[in-house]
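One-letter residues, chain by chain:
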Amino acid sequence: MKILVIGGGGREHALVWKLGTSARVEKIWCAPGNGGIAGEAECVGVDAGDVGGLVGLAEKIQPDLTVVGPELPLVNGLVDAFAERKWAVVGPDKKAAQLEGSKIFAKEFLQRHNIPTAEMYGAHDSAGAAYGALCAVDWPVVIKADGLCAGKGVFLAPNPDAATDFIERVMEKNELGDGGKRVMLEEALEGEELSFILLTDGGRYAALAPTRDHKRAFDNNEGPNTGGMGAYSSDELLPAELRQTIERTIVEPTMKGLAADGIRYQGFLYVGLMLTKSGPKVLEFNCRLGDPETQAILARVNFDLAEVLSDAAAGNLQPEKLKWKPGASACVVLASGGYPGKFETGKEIQGLAEAEKIEDVKVLHAGTKRVGEKIVTTGGRVLGVTATGSTLSVALQTAYEGVGKIHFDGMHYRKDIGKLQQSSAAGD
Ligand SMILES: Nc1ncnc2c1ncn2[C@@H]1O[C@H](COP(=O)(O)OP(=O)(O)O)[C@@H](O)[C@H]1O
Ligand SMILES: [Mg+2]
């Protein structure tokens, strides 16, 4: 099999790593890839959001399977373009990807099929209407920009002044671009957050190993929100009873609802949940794997990922094939100084080989590139040091041992990944 992976972050490095262990995989390309992926696949300089460029690339290399990492190509219709040409691809088409691409579309879907979610007060396409709607909501209120906003489109507003300010920035000053053209207001939920990620071929689905990420920049869930500073996976995260409740009240009605609406959803579906006092409720859908959750999940893969993904693309997913290593895994993100604010790039990274010598450690690259023999930083999130272990504490200890070998100027990371079991409504 020849495989094309689209994207260039830690999630895609994890995909390339596990696809590369399959005996049936002959060659992997990655567009655009990064400094770590370049050691395991052929990187091609095509942007992940460039559907035309990716079609051209696939025409040339003729992959047997394409796996899409990020949401942008999905929302831009990459899968539609590939399906038209009968090319096998893992990921939902443009219509199905609206579950992530439009929060209002997702909310209307949830309401139509009676799937538990926060109550929506209203959806608005002008700032004036949104301001007006504030007089009829309970406080705090959650304001969500409708479109893709790279994690910056949701605000838990404590009072009308803060809400007005956010609406003004999003709808009048267009600070988030087109993603902020419409907003919706919804009820604020309280509870612990959990992600439930599954792979589906449009009919059957298989849940992936349970995982939790850490969104805040600093220890004890302090500091600003980030793309994710670490993640871990352990079966204890999802007791059997909770899993059954989620499948019965959320996942199954979602699969049925998609079918009833004539939407064939194929690929990964990430269900973001709030575990409230009155049961699990959907916060959002993502139409792809999470980053860094994927690094922790795929570290536990005990099956042929290439085989399972090509089954899914062909509409023939066999859920029983997905077997997970017992125990746990952890991924600790090493970030550039200043991230998620301003940061410098071009810093040389030391100690990668020493870290990888440790048994059960894999260093997954996110924001790196190769310059001659050196690896230098190119992004905010630079590396995800990932480890497996017989228990969560063993996995964490091993991952942090790997972290201890690595250094670059300004490097910072959280020291409490996997330690805080409790998460806050502000996002952890
Ligand atoms: N209704 C809600 N009540 C409380 N917190 C919420 C609500 N909706 C979202 N959040 C918080 O905001 C975070 C981001 O919202 P989400 O819908 O996941 O959007 P995105 O990931 O696209 O920014 C969530 O992880 C959660 O912490
Ligand atoms: Mg989210």
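Residues numbered from 1 in each chain as written. Chains lettered and ligands numbered in written order. Predicted model: local features only at pLDDT ≥ 70, side-chain atom pairs only at ≥ 80, totals over all residues. Heavy atoms only, no water.

J.: Any chance you could explain the overall build of the chain here in plain terms?
T.: Scanning the chain from N- to C-terminus turns up 13 helices and 22 strands. Taking 22 Å as the expected radius of gyration for a compact globule of 428 residues, we find that the chain reaches 21 Å, a close match to that expectation. Projected onto the principal axes, the alpha-carbon positions of the chain cover approximately 60 × 45 × 45 Å. As displayed, the chain offers around 17,400 Å² of accessible surface, 48% of which is attributable to carbon and sulfur atoms. Of the charged side chains in the chain, 46 are positive and 57 negative, and the gap between their average positions amounts to 2 Å. (Helix = DSSP H or I, 4+ residues; strand = E, 2+ residues; numbered from the N terminus. Rg over C-alpha atoms; globule rule 2.2 N^0.38 Å. Areas by Shrake-Rupley, 256 points an atom, 1.4 Å probe, with all protein chains shown as cover. Lys, Arg positive; Asp, Glu negative; His and termini not counted. Charge placed at Lys NZ, Arg CZ, Asp CG, Glu CD.)

J.: Whenever I open this one, helix 2 (residues 51-61) confuses me. Can you help?
T.: Along an α-helix, residues three or four apart share an orientation, since each turn contains 3.6 residues. Taken together, the buried positions of helix 2 are occupied by Val51, Leu54, Val55, Leu57, Ala58 and Ile61. On an axial view of helix 2, the arc spanned by its buried residues comes to 160 degrees, and they lie on one face. Residues of helix 2 that are exposed and point more than 90 degrees away from the buried face comprise Gly52 and Lys60. Lining the buried residues of helix 2 we find strand 1 (2-7), strand 2 (27-32), helix 3 (71-75) and helix 4 (78-84). Two residues or fewer after helix 2 comes glutamine 62, characterised by a positive phi angle close to 50 degrees. (Buried < 20%, exposed > 50% of the residue type's maximum accessible area, 1.4 Å probe, protein only. Arc of directions from axis to C-beta. Contact = heavy atoms within 4.5 Å.)

J.: Would you explain the sheet that holds strand 1 in this entry?
T.: Adjacent strands of a sheet pair through backbone hydrogen bonds, lying either parallel or antiparallel. Read across the open sheet, the five strands follow the order 3-2-1-4-5; overall the sheet is parallel. Single-partner strands in this sheet number two, and they are strand 3 (42-43) and strand 5 (89-90). Judged from the four bridges that link them, strand 1 and strand 4 (residues 65-68) form a sheet pairing that is parallel. Following the sheet pairing, isoleucine 6 is matched in strand 4 by valine 68. Contacting strand 1 and strand 2, helix 2 crosses the sheet at an angle of about 165 degrees to strand 1. Running over the sheet, helix 11 (residues 305-313) touches strand 1, strand 4 and strand 5 and is turned about 95 degrees from strand 4. (Pairing = 2+ DSSP bridges. Axes fitted to C-alpha atoms, helices over the stretch in contact; angles between N-to-C directions.)

J.: Sorry if this is basic, but what is going on with the pairing of strand 16 (residues 267-276) here?
T.: Moving residue by residue along a regular strand, the side chains alternate between the two faces of the sheet. Most of strand 16 sits inside the fold, with nine of its 10 residues counted as buried. Here nine bridges tie strand 10 (residues 192-200) to strand 16, and the two strands are oriented antiparallel to one another. Its bridge partner being in strand 16, serine 195 is matched across the sheet by glycine 272. The antiparallel hairpin formed by strand 16 and strand 17 (residues 279-286) contains two residues in its connecting segment.

J.: I would appreciate a short explanation of the packing of helix 1 (residues 10-20) against helix 11 in the present structure.
T.: Think of two packed helices as two axes; the pair is described by the angle between the axes and how far apart they sit. Orientation of helix 1 relative to helix 11, taken along the N-to-C sense of each, is 105 degrees, at an axis distance of 7 Å. Judged by the angle between their axes, helix 1 and helix 11 are roughly perpendicular. Facing Leu15, Lys18 and Leu19 of helix 1, the residues of helix 11 in contact are Leu305, Ala306 and Leu309. In terms of residue class, the contact of helix 1 with helix 11 is made up of five nonpolar, no polar and one charged. (Parallel < 35°, antiparallel > 145°, perpendicular 65-115°, else oblique. Nonpolar A, V, L, I, M, F, W, Y, C, P; charged D, E, K, R; others polar.)

J.: Explanation requested: the pairing of strand 15 (residues 230-234) in the structure shown.
T.: The buried fraction of strand 15 amounts to five of the five residues, a majority that puts the element mostly inside the structure. Residue alternation in strand 15 divides its side chains into two sets, Gly230, Tyr232 and Ser234 and Ala231 and Ser233, and both sets are buried. In this sheet, strand 15 lies alongside strand 12 (residues 211-213) in antiparallel orientation, the contact comprising three bridges. Across the sheet, residue aspartate 213 finds its bridge partner in strand 15, namely alanine 231. Across five bridges, strand 15 lies against strand 18 (residues 328-335) in antiparallel orientation.

J.: I keep staring at the side chain of threonine 254 and nothing clicks. Help me out?
T.: Looking at the element boundaries, threonine 254 is found in helix 9 (residues 240-260). Only 2.6 Å separates the side chain of threonine 254 from the backbone oxygen of isoleucine 250, close enough to count as a polar contact. Beyond its immediate stretch of four places on either side in the chain, threonine 254 contacts Phe109, Ile115, Leu269 and Phe285. (Polar contact = N/O pair within 3.5 Å; in protein donor to acceptor, adjacent residues only side chain to side chain.)

J.: Any chance you could explain the pattern of salt bridges here in plain terms?
T.: Opposite charge on two side chains allows them to pair when their charged atoms are near. Following the criterion strictly, the structure yields 28 salt bridges and no others. Notably, a salt bridge pairs aspartate 304 with arginine 24, separated by 3.3 Å at the nearest N-O pair. Taken as a pair, aspartate 304 in the loop between helix 10 (293-298) and helix 11 and arginine 24 in the loop between helix 1 and strand 2 lie far apart in primary sequence, 280 residues in all. On the basis of relative accessibility, which here comes to 42%, the residue arginine 24 falls in the partly exposed class. Two residues, lysine 215 and aspartate 213, come together in a salt bridge whose shortest N-O distance is 2.5 Å. Its relative accessible area of 5% is what places aspartate 213 among the buried residues. (Salt bridge = Lys/Arg side-chain N within 4 Å of Asp/Glu carboxyl O.)

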